[in-house]
Structure formats: C-alpha cells, structure tokens
Amino acid sequence: MKAQDSVKNFYPTLRMYTNFAVRTIKKVCADIGPREAGTKAELDAQNFMAQQVGDAADEVMQEEFGISPRAFLGWPRISGICLLIALACGIINVFAGRDANWAPYAFIIISAFILAMILIEFLFYSKFLDPFFPKAISHNTYCVRKASGETKRRIIIGGHSDSSIEWRPTHIGGSKFLYFAIVYPVVGWIYTFVIGVVMLACGKYMPALVWIDCAFLPGYVFLLFFMNYKVCVDGANDNLTGCMTAAAVLKFMGDNNLRFENTEVIAMFSGAEESGLRGAKASAKLHPEFKDPNVETVFVSFDTIKDYDDMAIYLRDMTGVVKHDERAAELVHAAGEEAGLDIEKIGMFVGASDAAAMTQAGIPAVLFAAMNPGPPKYYHTRDDRADILEPKTIEKCLEMAVDMVYLFDEQGLKTKYTK
C-alpha cells in the first residue's frame, strides 16, 4: 500500500498535520524558548513534543548522558587567545634583539595545537576540549510506534531539540561576513606557522615577518567574540522542524489507526546536536539493538526544514569525511519521487548532522535537509524564529516522510526501489 492510499483525503490530512507541527513549534518557542544543550528547556521541549504525539506512541523512552555543552565550539575563542599569545611572543622577541630566536618555537607549537584542536573537536567531532569545560546532563527522547507483529524492520526519524548559541558573524553580516570572519584569521594562523618554520630553517629571527603578522590582529581579536554567549537562539527551523516532522509522522499514523505488521517507527528528539552530535553519539552507544542484524534499521535525520528550493539528501556528512549508506539515501530519494520531488544528492561542505554519528557507529543513516547551504542569515542567529517558518516546505517534507516509512515497510533498504 502506498501512503496516499492509507487514508481518505490524504493531502488535506497532511495539511492538518503540517498545521499541528507549526502550532507545536510556535508553542515551544513561545512558552519554552531557547534550548541550549544540557538545560531544563531542552528537556522540557522534548517532553512537550512527546506529549503532543500522545497515544500514537506505544512507548516513550528517555535517556540521559553527560556533556560539556560549550566545549565543541570553544575553539574559536581559544584559537583567538592562542594566536594573540603567539603574536605577543613574536613582538617581545623583536625587542629582545636579533640574537634571540625563541619565538618561532612558540609560533609552531601554538599553530600545531590549534590544528589538533580543530581537527579533533570540530572536524571529527571527538572530545578534545570537554575536560576543560563545565559539565551538564542532556537527554534523548524516543516516541515508539511498535509493529503489530514481530519486529523485522525499524525506521528512526531524528531531529535535534537543542538550539545553538548565536554566531555573531552570521548575525552581523550573513554568510559573506561569516566566511570572512573565519578565513581572515585562518590565513593569519597559517602565516604564523609558516614564518616560524622559515625562521628556524634560516637560523635567524626576522622582525619584519612579525610586523606583517600584526595585520591579522583584528581577526584574532574577533575570534574571541565569534560566539555570542548572551544569546541562545529559538531554533524554530534548526531544528524544531525536524523534530516535529518526525512527531507528525507518528501522529498521522496514530490518529488514523495505521500500524505496520513488521516495522517499528520511532520519532527521536536528540539532545546536544549543536554541542558536537553528543546525543546521537550517546544513542548509538546506548542502543545496541539499532545494530541488530535481525532487525533492519535505518536512521534518517531531518534537519532544518525551511527552504523549499534547497531540499537535499546529504550523502556525505561531517565536512565530507563521512559517507552515508547509499541505500538509505536511495530510500529518501525514492520517497521524494513519490511526493513529486527529484531531490539532489550532495555532500556537506562544512558541519555535520546526527546522521554522521549514526553512520560512524555502523547504523545505516542519511541526512535530509531543506536549507540554503549559504548558510542563510537565520542560521544560528536570533532570526531563527517561529515567524519565518515555511509551512509549504514542512508539508511537502512531511508527505515525503510518510511516503518514506511506507516504502521502507514494503521494501526495506534497497539500492533501487520499484514503484
């Protein structure tokens, strides 16, 4: 059976559940507000969304895990401090005289530390800075609609419930200023390393090269203020839309008394995605059943459902270093075709999603998003409010998500789906 045949007046019914999703998002933003990872607001939002799913969930599971919420994006400020220290060492060495040649060692060591920090913490999303930051407790919540018979398949639709600390560059000047605010000090960082190597190779200190490094001083200073810790954003689109797409699928099935015989459907509200995918990483670790070879499982992350013309299936994640399951990508693509969409498969240039953590853990996964990869002005800023929601995009993505669970129930994971 196709999703369109599951209920009478399928498309008007979809609109009703789109409205349900939009209303709930607006309610969360108005009554609960911003939801930094590890806060009571993050947990309150998960509990509220689970309540809205209601009896459509046969079971609601919840787990907690420890995090250091501000460690993951602590590297801009730490990098700025380190680069200022390196520059200060260089200037002090200038006044120490030409016979002194110790600052190049500082240039190289500090530059290497920054590289390690960014690679481990930001590129590979591993814990590097966590021991040095305050701790908190975050949660994952699962709304489970069980199979009526033996469970042979499981599909998890995931969205993250936490919202980001504001990125100042994006708020001030959008994507162009964001790139400038990153590239400018990065060039300075590379320059610092290079002049350290050059001076050691030549065996002498070169003050002129240090004075040139001063040209990057504004960039180093701005790194200190990259994150606006006074503002945690509403995150209406990123990513209450993903959470409520998952919730609306279960609500649609429950209200219309739809249940698969052998397929379990889960709406997952993860925590701490903005803090380095910590919720998804914890989920993969705490649920070995997701890797049970006897229950075919797929995880589909829905993230930022807003920009209709920018719908995409992200086959590569975590800044391109993680390749998702091609069968999972084909499942989403085939569901899109059922909904009248030809969704492009692309790779993620910078950043990562919960799907990356699942893929790394050996669980077939893929990311679907509808966001201008620019990124848009609302990305991680106070502009990500409920009044910029796009119901048209949410409705079409909900249609695709419903098609997806039906397709998975009938055919499982395949490299090619039959219509």
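Note that the structure is a prediction, hence the values are computed from the model and not measured. Throughout this document, residue positions are counted from 1 along each chain, in the order its sequence is written. The model is predicted, so local features are restricted to residues of pLDDT at least 70 and side-chain atom pairs to those at 80 or more, both for listing and for counting; the totals for chains, interfaces and linings are taken over all residues. The side-chain numbers reported here are obtained from all heavy atoms of the structure, hydrogens and water having been left aside.

Colleague: Would you take a moment to explain helix H1 (residues 10–31) for this structure?
Modeller: A turn of α-helix holds 3.6 residues, and therefore any two residues three or four places apart point the same way. Counted at 1.5 Å a residue, the expected span for H1 with its 22 residues is 32 Å, and the 31 Å between its end C-alpha atoms agrees. Taken together, the buried residues of H1 touch helix H2 (40–53), helix H8 (236–255) and helix H12 (391–411). For helices the rule is a DSSP run of H or I covering at least 4 residues; for strands it is a run of E covering at least 2, with both sets numbered from the N terminus onward. A positive backbone phi angle near 85° is found at Gly33, which sits one or two residues after H1. The span you would expect from a helix comes to 1.5 Å times its residue count less one. Whether two residues touch is decided by their heavy atoms; if any such pair falls within 4.5 Å, the residues are in contact.

Colleague: Teacher, can you tell me more about the packing of aromatic side chains here?
Modeller: We describe a pair of aromatic rings using the distance from one ring centre to the other and the angle between the two ring planes. Pairing of aromatic side chains requires ring centres within 6.5 Å, counting the rings of Phe and Tyr and the six-membered ring of Trp. Pairs whose planes differ by under 30 degrees are stacked, by over 60 edge-to-face, and all others tilted. Under the counting rule described, the total for this entry stands at 20 aromatic pairs. Seen from their ring centres, Trp167 and Phe226 are 5.6 Å apart, and the 55° between their planes marks the pair as tilted. Placement of Trp167 in strand E4 (residues 165–167) and of Phe226 in the loop between helix H7 (217–223) and strand E5 (227–232) is noted, with a sequence separation of 59 residues between them. Of the aromatic side chains, those joined through ring pairs into one cluster are Phe177, Phe180, Tyr184, Tyr191, Phe216, Tyr220 and Phe222. In this structure, Lys251 is placed above the aromatic ring of Phe20, and the distance from its NZ or CZ to the ring centre is 5.9 Å. Charges are assigned to positions over rings by a cutoff of 6 Å between ring centre and Lys NZ or Arg CZ, combined with an angular limit of 35 degrees from the ring normal.

Colleague: Even after reading the chapter, I still don't get the pairing of strand E2 (residues 136–145), so can you show me in this structure?
Modeller: Within a regular strand, the side chains alternate between the two sheet faces. Categorising residues by exposure relies on relative accessible area from a 1.4 Å probe, with only protein chains included: less than 20% of the type maximum marks a residue as buried, more than 50% marks it as exposed, and the intermediate range marks it as partly exposed. Here E2 lies mainly inside the structure; nine of its ten residues are buried. By the convention used here, strands pair only if DSSP detects at least 2 bridges between them. Relative to E2, strand E1 (residues 59–67) runs antiparallel, the two being bridged by nine bridges. Across the sheet, the residue bridging to Gln62 is Thr141, located in E2. Pairing analysis gives five bridges linking E2 to strand E6 (residues 263–270), with the strands arranged antiparallel.

Colleague: Honestly, the nonpolar core in this entry has me stumped. Any pointers?
Modeller: Proteins that are soluble and globular tend to have nonpolar side chains buried together. Within this scheme, the nonpolar core is defined by two criteria: the residues are buried Ala, Val, Leu, Ile, Met, Phe, Trp, Tyr or Cys, and they are joined through side-chain atoms within 4.5 Å. If you look at the biggest cluster of nonpolar residues, it comprises 71 residues, and the most contacted ones within it are Phe302, Leu331, Phe368, Val402 and Met404. When sequence neighbours within four positions are dropped, the list of residues in contact with Val402 reads Ala3, Phe10, Leu14, Val249 and Phe252. Grouped together as the second largest cluster of nonpolar side chains are 45 residues, Trp167, Met318, Met371 and Tyr378 included.

Colleague: Can you help me understand the pattern of salt bridges in this one?
Modeller: Where charged atoms of side chains with opposite charge meet at close range, the side chains can pair. Any carboxyl oxygen of Asp or Glu that lies within 4 Å of a side-chain nitrogen of Lys or Arg is treated as forming a salt bridge with it. Within the structure shown, the criterion is met by 22 salt bridges. The partner of Asp130 in a salt bridge is Arg278, with the nearest N and O atoms 3.5 Å apart. With Asp130 in the loop between helix H4 (103–123) and E2 and Arg278 in helix H9 (residues 278–286), the pair connects residues that are 148 residues apart, well separated along the chain. Each of the two residues, Asp130 as well as Arg278, counts as buried. Among the charged side chains, a salt-bridge network with shared partners connects Lys377, Asp383, Arg385 and Asp387.

Colleague: Explain the packing of H4 against helix H5 (residues 168–202) to me, please; I cannot follow it from the model alone.
Modeller: Axis definition: a line fit to C-alpha positions, over the contact stretch in the case of helices; interaxial angles, taken between N-to-C directions, run 0 to 180 degrees. Taken N-terminus to C-terminus, the directions of H4 and H5 make an angle of 140°; their axes are 8 Å apart at the nearest point. Put simply, H4 runs oblique to H5. For the pair H4 and H5, the sense of crossing is left-handed. Two secondary-structure elements touch here, H4 through Pro104, Tyr105, Phe107, Ile108, Ser111, Ile114, Leu115 and Ile118 and H5 through Trp189, Thr192, Phe193, Ile195, Gly196, Val197, Met199 and Leu200. Just so you know the grouping, Ala, Val, Leu, Ile, Met, Phe, Trp, Tyr, Cys and Pro go in nonpolar, Asp, Glu, Lys and Arg go in charged, and all remaining residues, Gly too, go in polar. Broken down by class, the residue content of the contact of H4 with H5 amounts to 13 nonpolar, three polar and no charged. Throughout, the term roughly parallel applies to angles under 35 degrees, roughly antiparallel to angles over 145, roughly perpendicular to angles from 65 to 115, and oblique to all others. Should the near helix be turned anticlockwise from the far one by less than a right angle, the crossing is left-handed, and should it be turned clockwise, the crossing is right-handed.

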